[in-house]
Amino acid sequence: MNNSLNSSYGKMMESPISIFPELLSSLAQSFPSHSNLQFNETAEQQDSAWNIVEKMWNCTNMGHIIDLMRNSTEGPRCFMRAFMAPLSWMTIMQNGTDLNKEDLTKLLWVAKPFLETIPPSSFVLPVFSQSSQLVKMMKVFGEVFSVLSEEQRNAIIVWVKERVAQNEFKCVLKAPAFSILPSGSLKKPIIQNVTSVKAMMNVMSIPGAEGTQHSMINAVPKCPPRMLWLKANVLTMMGPFLSRLSLEEAKTIPKEELCEFFRTPDFSSSFQNVSGMQPALGRILFQRLKQECSSSDNFTHYMDRLGSLACFFDGAPSLNLNLSRKLLSQIDTCNNPDIDKVKRQLVQKILEKDDHSSSPEILLSLGSAVSVLPLSRLSHFTSEDLNNTLTSLSQASWSPAQAKTLAKKLLETAKNISGEKLLSLGTMVRGVASSLLKNVKAEGLLGNEALKTMSEKMSSLQRTALLEAFRRDVNASELVKRLPVSLLSSLSLSTLEKADLSSVDQLQGRGWTRAQSAFLLKKIWGNRINLGELRKLGQAVQGVTCEMIEKINRTDALEMAQIINESCAWLSRVQIRCTARKLFSSLEEQRPGYFSNINNSELQSIPAMLLIHLPVEKIQNLSDAVCPAFMEMMKQVNLSSLPNSSPARYALTKRAIGCLKGNVSDLSAAEVLTLGPLVCELDPVWISSLNPPALNSTLKALVSCQYIQQQHREHLFRLLTTTYGDPANWSEEDMRVLGPLLLLNDTVIEKLPAKSWIKSYLSDLMDSLPSQPLLPLPKEFRSWSDLSALHRKLFELKTRSTLLNRRKRELAVVPNTVVSTLIEPTLTYIEDLKQWNVYWTPTQLSKMTVQTFKDAVPTLGEITNYSTEQLAALRAKTLEAWQSVSMLNESQIANLGCICQSFSADELANLSIASLDTLETLTACNFTQTQRTAVWQAYERVAGISVAGLGRLEMVGLGQFICGLQPGQIDQLSSPSFREAVEAVGRVPCPLNLRERLKEKAVAAFGKPETWTEAQVSIMGNIIAGLSVVELGSLNSTVLPFIQPSAIPLIPSERLAALSVSQLKALGPDNAAVVTEAQRAGLRVDQRVALDEAMGLKTARTEVPTGSSTGISNPSSGGSIPLPLKGGAAVESMAGCVLLMQAIALLLF
């Protein structure tokens, strides 16, 4: 490689040993001696690996090392490459402009493993001036595209645009951004946001060169707003990153450049198997290619080149048989919202036109799209037909009802199933009966990588059955060691206790639950944190208790807090608050008045996750000197651990606005946006005082807010309509920029016009919103999005479009006649609407044909929130289809699902239910207590099982129907089985008299409540709500945060009032937030204050002054405070990379 380079680069390239001799020395020590062979290595292999270190010592330059790697065998090469990858990337970062093509190619080859694992928080990009270098870099980035985060992908797009602007247009997108260090000196620019960092740094390194630096920056013109930078060669270079372009960029690609790119061989590979593309972007690119780069007649000839863009094909019904087959194969892996509808259209076309549509060959020809076939057609295929196409069927995506139909056909009357046969079922495993799974042998399954994928498709009952089978074949230690994460979480504490795990090293990289983590850490650590092992915990950090945190030495508190912050994705709100409290008190003990004279570096050392829990008075008293550090931390802060009405939200926002200085009307858009998520806290009155550019940017930034407090919404919406006009008249571009803010006003959503692009946008919006939790979050931690109006509007648009078309056809036949047509549910509608089928009126449901009802019943049966009137209509349709409830077989009962809520207690008691799998399906529905008893009686009668004979599997499978037992029957439950199944039993909200009996059972199994541990309290779930006044009062305060939030509202008010002030404070934010108004009314004043403190509302709301002059409203004035978009947790890099990068960074800088 070229060694005639500048200082640091030359030093690294010519003599890498001088850069990190200590690292190589420690490396050599880490290799085993020749006499201590690893179990899977030969002496020759160890000699080869041992000699690598010696050879690296003797290399004369980095190029020599890379050549050595390429000529080594796989094992040593893998080791060397992993070691050298971070150093190679650092070399590229620091010296990219000086590298020739050969050197860059070698370094990129070495660096690739590091790029695949580097966390987003550490991801920066080099500066290049040569186009050939850029092409090489993008080729490697394209190869690792699938493992990059969205943040990294977007950063690369910006970086490429900056390079193209510099090379092709001789301009800069924006001025370089420098951040201020505590000392006031300028820090090195963030690479991805700077155009010519190397040249600027060289100038800055010259004493007195500041003036030169400014003149150089000013000499480069700023790029025009609509720079047409996406030329054909750039499009080719971008590869899969084209799938992450903004909509505006996609619209402004010059037509001739887009079409030239479309004709190149590289087009197809750029969109091959690219997932996660925004549907709006896919539609824009598809339509432009169709309309601008070909004629409508011949565009279908290019279908096989479209790659993932085929997912947005919009003319499926018009295709002939051959093209339908071709498109179906193209969209096999698509996952955009409307793709199932397109697949159904294509399959319907094939079935109509293909003479062999009823033959077994159709199964093979449809590929994974076979999953759109209704049950009535699937049930016609024989087991031989299914076995002949097993490979294809095992990869399709099946509903539980379809999977059961297919598995039943394939397994027929089998009493046992081998591991090999089970794995061959693939995605159809969801339909295998738990009674079969409990007899499977562990051989061939445990340790098999396919077990992980298979068990992820299983239900909770199926996983329990499989674990029951495994426990018979292997001991607990072996079982825990070899289980995949999807099964590990289903292990009982009793099994973990037998596994005898004794070190933190055994916990690393495993997916433990909170209860399991608490059990294991208490067993391994006792009640004290081992600081040296804290970083190794991973998911097991969930088990760190407030008691452990409080016992840490005050001198170690900051280090402890920083380490815990690395696992913030797994921390509970109570852990965050306890860590913050310990850290702040420790810092104040070490230096009284610590926060009144804190400096920038000290503030930066405190994780932002904890800083937001600083007492309000301390936030208010932070000096202006720490504004740079404070504002930098607020940009990325995650406020979700603060209650919506927390005074800290007001205090943080007020302090941040104070750091901006100047008049509100003089603030630039960039200055306002430095508030980060605190923008969501701004009062609309303050926002309206901004100048127009800042106002527009701020309104657009509010789109990212997940919560906007109630008292701001009306005023904010008025400001929005004053600025942009009536949303009914918005353009598609405005709608895509501001659309989420429509959720502020249900009426406006309902009045949106019935345009096709609005339907597409609302569908995209629905798909982009975070999934709603199964149980609603308490008000203090709930997002502001009420999606019911959006759901109703989408239902209207999806059903209205076809109705309008039908009316047009009818009016054409009968001129001047007004036709009143009430649309009826069809199979196509029902499958497309899914959970939104709940919006059909009872009258519409009653007009459904019997065949449609039979085909659609598995989909309709999954809806849990039908009204009484809707259930009555569906009950009538059930009787119309099958004459009598008593005539239903078990498959039909399972498919009916929540429609069974419409049956009377007598009808339910006479159902033929012998399978736990059927009960598991029904347990998701909202049955009354009388109905629960009836279902239990039906199962008890048909299955011929006694209460005393219920094992762990049966207790898990019963779900809510265990509440159907009589109080006296609870005593008959087997204590060993109950101990194993208690976590599943604890999820069910039984009536108080049954909770009290289940509590007695828990006392018999685990001892008196005062002895219960954090882990045991966690798995008790709702059973805790059966404790008496004395028993609740006897609980140790350290276990109270581990009570499941679902149990708190079930505790009778007079019993909750028996908790002491210290116990109420220990409940933690999540539990305190779910205390009901009725429960709160029964508390004394000091108890209510304690409850507020537990929630994070310790500062009385009157202590924080009101007024909108600071830009925010006091939460005490009513409503809620905004909850901003959550920040992500840093992804842990591969072992050793962090240490290596730190060591190299120290040496280089």
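Rules of the game
- Residues numbered from 1 in each chain as written.
- Predicted model: local features only at pLDDT ≥ 70, side-chain atom pairs only at ≥ 80, totals over all residues.
- Heavy atoms only, no water.
- Helix = DSSP H or I, 4+ residues; strand = E, 2+ residues; numbered from the N terminus.
- Contact = heavy atoms within 4.5 Å.
- 1 Å grid on protein atoms, 1.4 Å probe; cavity = no way out; pocket = protein on both sides within 12 Å on 5 of 7 lines; lining within 4 Å.
- Points joined across faces, edges and corners; volume = space filled by probe spheres on them.
- Nonpolar A, V, L, I, M, F, W, Y, C, P; charged D, E, K, R; others polar.
- Salt bridge = Lys/Arg side-chain N within 4 Å of Asp/Glu carboxyl O.
- Buried < 20%, exposed > 50% of the residue type's maximum accessible area, 1.4 Å probe, protein only.
- Disulfide = S-S within 2.5 Å.
- Phe/Tyr/Trp six-rings, centres within 6.5 Å; stacked < 30°, edge-to-face > 60°.
- pLDDT = per-residue confidence, 0-100.
- Axes fitted to C-alpha atoms, helices over the stretch in contact; angles between N-to-C directions.
- Core = buried A, V, L, I, M, F, W, Y, C linked by side-chain atoms within 4.5 Å.
- Parallel < 35°, antiparallel > 145°, perpendicular 65-115°, else oblique.
- Left-handed = near helix turned anticlockwise from the far one by under 90°.

## What to know about the overall build of the protein
Then step 1. Counting its secondary structure elements, the protein contains 66 helices and zero strands.
Then step 2. For the protein, restricting intrachain contacts to residue pairs at least 6 apart in sequence, the fraction spanning at least 24 positions comes to 71%.

## Here's the deal with empty space enclosed by the protein
Then step 1. Evaluation of the coordinates by the stated rule reveals four cavities of 30 Å³ or more.
Then step 2. Empty space within the largest cavity amounts to approximately 50 Å³.
Then step 3. Counting residues per element, the ones that place at least two in the lining of the largest cavity are helix H13 (255-262) and helix H15 (279-292).
Then step 4. Approximately 40 Å³ is the volume attributed to the second largest cavity.
Then step 5. Forming the boundary of the second largest cavity are Arg514, Val544, Thr545, Cys546, Val574, Gln575, Thr1038, Pro1041 and Phe1042.
Then step 6. Partitioned by chemical class, the residues of the lining of the second largest cavity number five nonpolar, three polar and one charged.

## Points about the pattern of salt bridges
Then step 1. Scanning all chains against the criterion turns up 46 salt bridges.
Then step 2. For Glu478, the salt bridge goes to Arg482, with nearest N and O atoms at 3.4 Å. On the criterion of helical spacing, the pair formed by Glu478 and Arg482 is a turn pair, its members being four residues apart in helix H27 (residues 476-482).
Then step 3. Each of Arg283, Glu732, Arg736 and Asp764 takes part in one network of salt bridges that share partners.

## Here we look at the layout of surface pockets
Then step 1. The calculated volume of the second largest pocket comes to roughly 1500 Å³.
Then step 2. If you trace the second largest pocket, you find 45 residues lining it, with Asp340, Arg344, Ser397, Glu831 and Lys834 closest to the centre.
Then step 3. For the lining of the second largest pocket, the elements supplying multiple residues, two or more each, are helix H17 (339-353), helix H22 (400-411), helix H45 (756-768), helix H47 (827-833) and helix H49 (850-860).
Then step 4. The element best represented in the lining of the second largest pocket is H17, accounting for five residues.
Then step 5. Taken together, the residues of the lining of the second largest pocket sort by class into 16 nonpolar, 14 polar and 15 charged.

## Digging into unusual backbone geometry
Then step 1. Its identity is not glycine, yet Asn273 carries a phi of approximately 55°, on the positive side.
Then step 2. In this structure, Asn273 sits in the loop between helix H14 (266-270) and H15.
Then step 3. On the accessibility criterion, Asn273 (61% relative accessible area) is exposed.
Then step 4. Although it is not a glycine, Gln883 sits at a positive phi angle of roughly 70°.
Then step 5. Structurally, the position occupied by Gln883 is in the loop between helix H50 (868-882) and helix H51 (890-896).

## A look at the state of the cysteines
Then step 1. Applying the stated criterion across every chain, the model contains eight disulfides.
Then step 2. The side chain of Cys898 participates in a disulfide bridge whose partner is Cys925; the two sulfur atoms lie 2.1 Å from each other. With the S-S dihedral at roughly -90°, the linkage between Cys898 and Cys925 falls on the left-handed side. One end of the pair, Cys898, is in the loop between H51 and helix H52 (905-909); the other, Cys925, is in the loop between helix H53 (916-922) and helix H54 (929-943), with 27 residues separating them in the sequence. As far as burial versus exposure is concerned, Cys898 and Cys925 are alike and both buried.
Then step 3. The thiol of Cys900 is unpaired, and the distance to the nearest cysteine sulfur, on Cys925, comes to 7.3 Å.
Then step 4. Assessed through its relative accessible area of 1%, Cys900 is described here as buried.

## With respect to the packing of aromatic side chains
Then step 1. Overall, the coordinates contain 20 aromatic pairs when judged by the stated rule.
Then step 2. Taking 5.9 Å as the distance between ring centres and 85° as the angle between the ring planes, the aromatic pair formed by Phe141 and Trp159 counts as edge-to-face. Linking Phe141 in helix H7 (residues 131-143) with Trp159 in helix H8 (residues 150-168), this pair joins segments that are 18 residues apart in sequence.
Then step 3. Pairing Tyr594 with Phe595 gives two aromatic rings, centres 5.3 Å apart and planes at 75°, and the pair type is edge-to-face. Phe595 carries the same exposure label as Tyr594, and that label is buried.

## Overview of the confidence of the model for the protein
Then step 1. Averaged over the protein, the pLDDT score is 83; the fraction of residues at 70 or greater is 83%.
Then step 2. The model gives residues 806-820 a pLDDT under 50, and that stretch makes nine contacts with residues more than four places away or in other chains.
Then step 3. Within the model, pLDDT remains below 50 along residues 1116-1149, and this stretch shows 80 contacts once partners closer than five positions in the same chain are excluded.

## Considering the packing of helix H25 (residues 449-456) against helix H26 (residues 460-473)
Then step 1. In the contact formed by H25 and H26, the axes pass within 10 Å of each other and the chain directions differ by 145°. Residues Leu451, Met454, Ser455 and Glu456 of H25 form the contact with H26, whose participating residues are Arg463, Leu466 and Phe470.

## Some points on helix H57 (residues 975-985)
In an α-helix, one turn spans 3.6 residues, which is why side chains three or four residues apart end up on the same side.
Then step 1. Regarding H57, the residues found buried are Ser977, Phe978, Glu980, Ala981, Val982, Ala984 and Val985.
Then step 2. At its buried positions, H57 is contacted by H26, helix H29 (493-499), helix H55 (952-958), helix H58 (992-1006) and helix H59 (1014-1020).

## Overview of the nonpolar core
Then step 1. Counting 352 residues, the largest nonpolar core has Phe141 and Leu422 as the members making the most contacts within it.
Then step 2. With eight residues, the single largest contributor to this core is helix H5 (residues 74-95).
Then step 3. Not counting residues within four places of it along the chain, the set of residues in contact with Phe141 comprises Trp89, Leu115, Phe123, Leu125, Leu148, Ile156, Trp159 and Phe241.

## Thoughts on the environment of Ser88
Then step 1. Within the element layout of this structure, Ser88 appears in helix H5.
Then step 2. Note: C-alpha distance between Ser88 and Ile66 (22 residues apart in sequence) is 9.7 Å.
Then step 3. Setting aside anything within four residues of it in sequence, one finds Ser88 in contact with Leu107, Val110 and Ala111.

## Examining the environment of Leu323
Then step 1. Looking at where Leu323 falls in the secondary structure, it is placed in helix H16 (residues 321-330).
Then step 2. With near-sequence residues (within four places) excluded, Leu323 lies in contact with Thr300 and Met303.

## Concerning the packing of H57 against H58
Then step 1. Look at H57 against H58: their axes get within 10 Å of each other, and the N-to-C directions meet at 120°. The pairing of H57 with H58 is recorded here as oblique in orientation. Viewed along their axes, H57 and H58 form a crossing whose handedness is left-handed. In this structure, H57 uses Ser975, Phe978, Arg979, Val982 and Val985 to contact H58, whose residues at the interface are Leu998, Lys1001, Ala1002, Ala1005 and Phe1006.
Then step 2. Its residues placed into classes, the contact of H57 with H58 shows seven nonpolar, one polar and two charged.

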